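# Geometric and topological summary
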Amino acid sequence: MYGKGILKSLSVTWKRFWMTYIEDLSWFFRRMAGGVNRYYTDEGIARRSSADTRGIFTIQYPEEKLPVHEESRYLPFLVYDETEDGEKDVRCTSCGICAKVCPPQCIWIVGKNDPDSGKSIPQIAEFYIDADICMNCGFCSEYCPFDAIKMDHEYELAAYKRNIYNMDMLLKPAEYYASIRPENAAREDEARRVKEEAKAAKKANAA
Amino acid sequence: MATTVSTKSVDLSTIFPDAVIADERKGYTGWLVEKDNLIEIATYVREELDYDLLSSVTGVDYLPEEKMEVVYQVYKTTGGPGLFFKVQIPREDPMEIPSVINIWPGADLQEREIWDLYGIKFPGHPDLRRILTWEGFEGHPMRKDWQEPFYEEETKPFKSRWPKGEHIHAEEINPYHDNLKFPPKFNPENWTPTDPEEALYTSLKKFTTKNEDGLEAEQIIVNMGPQHPSTHGVFRAVVVLDGEKVVSLKPVMGYLHRNHEKIGERNTYLHNMPYTDRLDYFNSMANNWAYALAVEKLMGIEVTERSEYIRVIMSELTRIQNHLVWVGIFLNDLGAVVTPLLYAFEERELILDIFEEVSGARMMCNYYRFGGVVRDMPVRAFEKLKQLVYDRLPGKIEEFERLLSENEILLSRVKGIGYLSAKDAIATSMTGPMLRASGVPYDIRRAEPYGIYDRFDFDVVTRPECDLYARYHVRIEEMHQSLRILEQAVSTIPEGPILPKKPVYQVRVPAGEAYGRIESPKGELGFYVISNGKPNPWRYHVRAPSFINITALEKMCVGEKIADFVAILGAIDIVLGELDR
Ligand code: SF4
Ligand code: SF4
């Protein structure tokens, strides 16, 4: 029969149409019983991006935001540890690996020299990232041997000017890093601790 | 092993002792062919040895040796390894090599590309114009002695970045008037594109304006694009119409050209990985794999077992996601605006969630590394993957079939439209779903398995109809087959390390050449990489399926209505990031 295919098609859209109401109603009843709303709540967002989402699946950005995953990468930032007297202990040693490994070459590093001897020391004087050119590849943080540069979770980056990030804008505390990437931070802290213990043990042995 | 293709089976040098010698440079394979005998040998390879599929033709500039080389890679559609042969000519203008377009019509756009980028002429090519750069462009940008306006240094990493890296903007060293290069005496202010456009239009007017009854009929030229919603970006097709019927057609491209390959030769091997994401930005997981494959062949390293499985999983997910979007956008092109597209995007978003969780980005995944992948799949992502593969996606793909496969409106737009016979499809170097929809069961996953595809059960989907309907069906059925592979991979994936050893940022790549090719969702995606032992590739060529599949566009469109052009172009599944490179 001509037209059967169209009816079959319409049955799909029809089903989808009703599914939105069924889904919304089920959340409505759940809310009556003390549950949460399907919209503007974390649970609702989780449901809409889960493998059994049905009905409306769009997220109402910017009122609603999808959770950012641990590994998500946007722009890099520099990590510093806070010392006991409140100083910033920047992890970066100006080894230059990130500048070499950066595909579009958007990292610019000025190393520091010892004021007395004039020799270079493992600290940075300035660190720039040309955020307009950065392709968010994550290589810098992947290959930095000192866990000093990490990928941020901040993605609302629209600006009126060109974005050259200097050290002031790039530096963020280690606690912040641990808060956005808890698993990675824990793993790296553990690895560093093990390494330092091994070093200490070696020293003790040698002595 | 570091060899790319075994050429043991055919010994061209005994058949043509005077004209062919084996390529014995270290790490190279294949044959060096005399220029004057090229046509004779190519005809023999095509007719007698049955290498019917010209996969790729590309140029290489050996500046230190003062030579130019053109590399031909041919395969059999019945499967098996390919045959490489190369023609070398002295590196001084005019450089000329006879065109093989009459033997393999698929060389059409590729020879134009070599002329454009390397300045090698192909006598015998009917329409040798620039293709990726604009008509007034000076020089041939892939030549090793050509420098781009923003030139800093021959290769990365640039020395100005560290340890004295005071930031400067690129234009500060290149003030505007120095940023563009024009031919001598060329003034862009009063230039009008007369000659090149004329050449384009003359190449179109192959037909008389008289119809069978002797009536004068006026033909009109219509520019579809560069800004037209059906072209999915900036692609232009110049169409000659007789009434509503397409009489002839020429694709015009390059609006998004950024000389990806030149950038690739300035980069180090590792740098190129995220750049491949930006070719076919729907399938970064597939692009990464093809590039990794080529470099792994050069380096001679093995991929770890678990990574092999992860690679298969990611690349099959990417295929499903690509085909879903294709169905949605194809229906959009046909006029079923947005509804099927949003249905497709719902599933695609779920797949992209998995990509984001494993790689950190939804589209620009940059996930593969030489020898494996960057990190293991988190448990959460694996759980979601299982739910999708076992519970959700099979039903959703069936829903698409219910929605579309019997829908009379769709059928009347796709049945019998855009006919391309198997013979023509092979001749014009079509690959992927386009080729299989013409009834040729050619799938690189079977024909020349890479990774661990030989361990999985799946069917190579073909359809006999050779029209848009077949192309639609092949893709739907391929999604089912991908799910089959995924089910097997998910249930048998072993535990184990992800990378063979600690990753280093400066990989050592021995000298030689390698061609890594995979069955990407759009067709054969190949990376041809030449190393000279330095940290940067000497040659980095992308055999892009979107680009080469355009070769048959005219053949499919002639005789159809102009409205069907939109559907035919849509069915090729092009992505401009890859087409223009
Ligand atoms: S951020 Fe890391 S890789 Fe970059 S210079 Fe500092 S220590 Fe080296
Ligand atoms: S994320 Fe990639 S592009 Fe951006 S600064 Fe790091 S290495 Fe460079």
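The shown structure was predicted, so the numbers you read here are calculated from the model rather than taken from an experiment.

Conventions adopted
- Residues numbered from 1 in each chain as written.
- Chains lettered and ligands numbered in written order.
- Predicted model: local features only at pLDDT ≥ 70, side-chain atom pairs only at ≥ 80, totals over all residues.
- Heavy atoms only, no water.
- Near = heavy atom within 4 Å.
- Nonpolar A, V, L, I, M, F, W, Y, C, P; charged D, E, K, R; others polar.
- Pairing = 2+ DSSP bridges.
- Helix = DSSP H or I, 4+ residues; strand = E, 2+ residues; numbered from the N terminus.
- Contact = heavy atoms within 4.5 Å.
- Buried area = accessible area lost by both parts, 1.4 Å probe.
- Salt bridge = Lys/Arg side-chain N within 4 Å of Asp/Glu carboxyl O.
- Polar contact = N/O pair within 3.5 Å; in protein donor to acceptor, adjacent residues only side chain to side chain.
- pLDDT = per-residue confidence, 0-100.
- Domains from an automatic or database assignment.
- Core = buried A, V, L, I, M, F, W, Y, C linked by side-chain atoms within 4.5 Å.
- Buried < 20%, exposed > 50% of the residue type's maximum accessible area, 1.4 Å probe, protein only.
- Patch = residues over 30% accessible without salt bridge, like charges linked within 9 Å, V, L, I, M, F, W, Y side chains within 5 Å.
- Areas by Shrake-Rupley, 256 points an atom, 1.4 Å probe, with all protein chains shown as cover.
- Expected span 1.5 Å × (residues − 1).
- Axes fitted to C-alpha atoms, helices over the stretch in contact; angles between N-to-C directions.

### Overview of the site of ligand 1
Surrounding ligand 1, one finds 13 residues, the nearest of these being Cys92(A), Cys95(A), Gly96(A), Cys98(A) and Cys144(A). Taken together, the residues that form the shell around ligand 1 break down as 10 nonpolar, three polar and no charged.

### Observations concerning the sheet that holds strand 6 (residues 164–165) of chain A
Residues and elements named next belong to chain A. Across the sheet, which stays open at both edges, the three strands sit in the order 3-4-6 with antiparallel pairing between neighbours. Every other strand in the sheet has two partners, leaving strand 3 (107–113) and strand 6 as the edge strands with one partner each. Taken together, the seven bridges between strand 3 and strand 4 (residues 120–130) define a ladder with antiparallel strand orientation. Note on strand 4: the bridge partner recorded for Val110 is Glu126.

### Here we look at the interface of chain A and chain B
Each side of the interface is counted separately: chain A has 50 residues, and chain B has 57 residues. Each partner contributes to the roughly 4,900 Å² buried at the junction of chain A and chain B, and carbon and sulfur atoms together form 55% of this total. Two residues, Arg16(A) and Glu346(B), come together in a salt bridge whose shortest N-O distance is 2.8 Å. On the surface where chain A and chain B come into contact, there are 33 residue pairs in polar contact (both at pLDDT 80 or more). Sorting the residues of the side of chain A that touches chain B by element identifies helix 1 (4–32), helix 3 (97–101), strand 3, strand 4 and helix 4 (139–143) of chain A as the ones contributing at least two each. If you tally residues by element for the side of chain A that touches chain B, the top one is helix 1 of chain A, at nine residues.

### Re the site of ligand 2
Around ligand 2, the structure places 14 residues, and the nearest of them are Cys102(A), Cys134(A), Cys137(A), Gly138(A) and Cys140(A). Grouping the constituent residues of the shell around ligand 2 by class yields 12 nonpolar, two polar and no charged.

### Regarding the confidence of the model for chain B
Residue and element names in this part refer to chain B. Averaged over every residue, the pLDDT of chain B is 85; residues scoring 70 or more account for 92%. The low-confidence segment residues 1–7 (pLDDT under 50) makes 25 contacts with residues lying over four places distant or belonging to another chain. Scored as a whole, the predicted complex attains pTM 0.89, and scored at its interfaces, ipTM 0.90.

### What about the domain arrangement of chain A?
Each assigned domain of chain A is listed with its residue range as follows: domain 1 (8–67) and domain 2 (76–202). Taking only C-alpha atoms into account, the centre of domain 1 of chain A sits 41 Å from that of domain 2 of chain A.

### Some remarks on the nonpolar core
Judged by nonpolar contacts, the single largest core of 178 residues is most densely connected at Tyr72(B) and Met314(B). The greatest single-element share of this core, amounting to 13 residues, is contributed by helix 9 (residues 305–334) of chain B. Among all residues touching Met314(B), those that are not within four sequence positions of it are Met285(B), Ile354(B), Phe355(B), Val358(B), Tyr367(B), Tyr368(B) and Met377(B). In this structure, Cys98(A), Cys102(A), Ile107(A) and Ile149(A) belong to the second largest nonpolar core, which totals 24 residues.

### Notes on the pattern of salt bridges
Tallying each qualifying case throughout the model produces 66 salt bridges over all chains. Arg369(B) serves as the salt-bridge partner of Glu142(A), at 2.7 Å between the closest nitrogen and oxygen. With one member in each of two chains, Glu142(A) in helix 4 and Arg369(B) in strand 11 (residues 368–369) form a pair that bridges those chains. For Arg369(B), a relative accessible area of 4% puts it in the buried group. Of the charged contacts in the structure, one is a salt bridge between Arg91(B) and Asp61(B), with a shortest N-O distance of 2.6 Å. Taken as a pair, Arg91(B) in the loop between strand 5 (83–90) and strand 6 (95–96) and Asp61(B) in strand 3 (residues 53–62) lie far apart in primary sequence, 30 residues in all.

### Quick notes on a nonpolar patch on the surface
Where nonpolar side chains cluster on the molecular surface, the patch consists of Trp14(A), Phe17(A), Trp18(A), Tyr21(A) and Ile22(A) and spans about 580 Å² of accessible area. With respect to the element layout, Ile22(A) can be found in helix 1.

### Side note on the pairing of strand 5 of chain B
In regular strands, side chains alternate between the two faces of the sheet. Residues and elements named next belong to chain B. Judged by how many residues are buried, strand 5 sits mostly within the fold: six of eight residues are covered. Relative to strand 5, strand 2 (residues 31–33) runs parallel, the two sharing three bridges. Opposite Leu32, over in strand 5, you have Lys86 as the bridge partner. Pairing of strand 4 (residues 67–75) with strand 5, which is carried by eight bridges, proceeds in the antiparallel orientation. Residue pairing in the sheet places Val71 in a bridge with Lys86 of strand 5.

### Some remarks on the domain arrangement of chain B
All names here are of chain B. Domain parsing of chain B yields domain 1 (12–118) and domain 2 (260–580). Here the C-alpha centre of domain 2 lies 27 Å away from the C-alpha centre of domain 1. With 35 residues of domain 1 at the interface, the matching set in domain 2 holds 28 residues. Looking at the side of domain 1 facing domain 2, the largest losses of area belong to Leu53, Thr77 and Leu109, adding up to 21% of the total buried there. On the surface where domain 1 and domain 2 come into contact, there are one salt bridge. In this structure, Lys86 engages Glu513 in a salt bridge whose closest nitrogen and oxygen atoms are separated by 2.8 Å. Counting the contacts that link domain 1 with domain 2 gives 14 residue pairs in polar contact (both at pLDDT 80 or more). At the level of secondary structure, the elements contributing two or more residues to the side of domain 1 that touches domain 2 comprise strand 3, strand 4, strand 5 and helix 3 (107–118). At 10 residues, strand 3 tops the list of elements feeding residues into the side of domain 1 that touches domain 2. Its residues placed into classes, the side of domain 1 that touches domain 2 shows 16 nonpolar, 12 polar and seven charged.

### Structural notes on the side chain of Asp353(B)
Looking at the element boundaries, Asp353(B) is found in helix 10 (residues 339–359). With residues near it in sequence (within four places) discarded, Asp353(B) still touches Ser49(A), His69(A), Arg362(B) and Lys384(B).

### Here's the deal with helix 8 (residues 284–299) of chain B
The first and last C-alpha atoms of helix 8 of chain B sit 22 Å apart over 16 residues, in line with the 22 Å expected at 1.5 Å per residue. Within helix 8 of chain B, 14 of the 16 residues are buried, which leaves it mostly tucked inside the rest of the structure.

### Things to note about the sheet that holds strand 10 (residues 245–252) of chain B
Residue and element names in this part refer to chain B. The strand order 8-9-10 describes an open sheet built from three strands, whose pairing is antiparallel. The open sheet has two edge strands, strand 8 (220–224) and strand 10, and neither has a second partner. Averaged over all pairs of adjacent strands, the angle between strand axes in this sheet comes to 25 degrees, irrespective of strand direction. Relative to strand 9 (residues 236–242), strand 8 runs antiparallel, the two sharing five bridges. Bridge pairing in strand 9 links Ile220 to Leu241.

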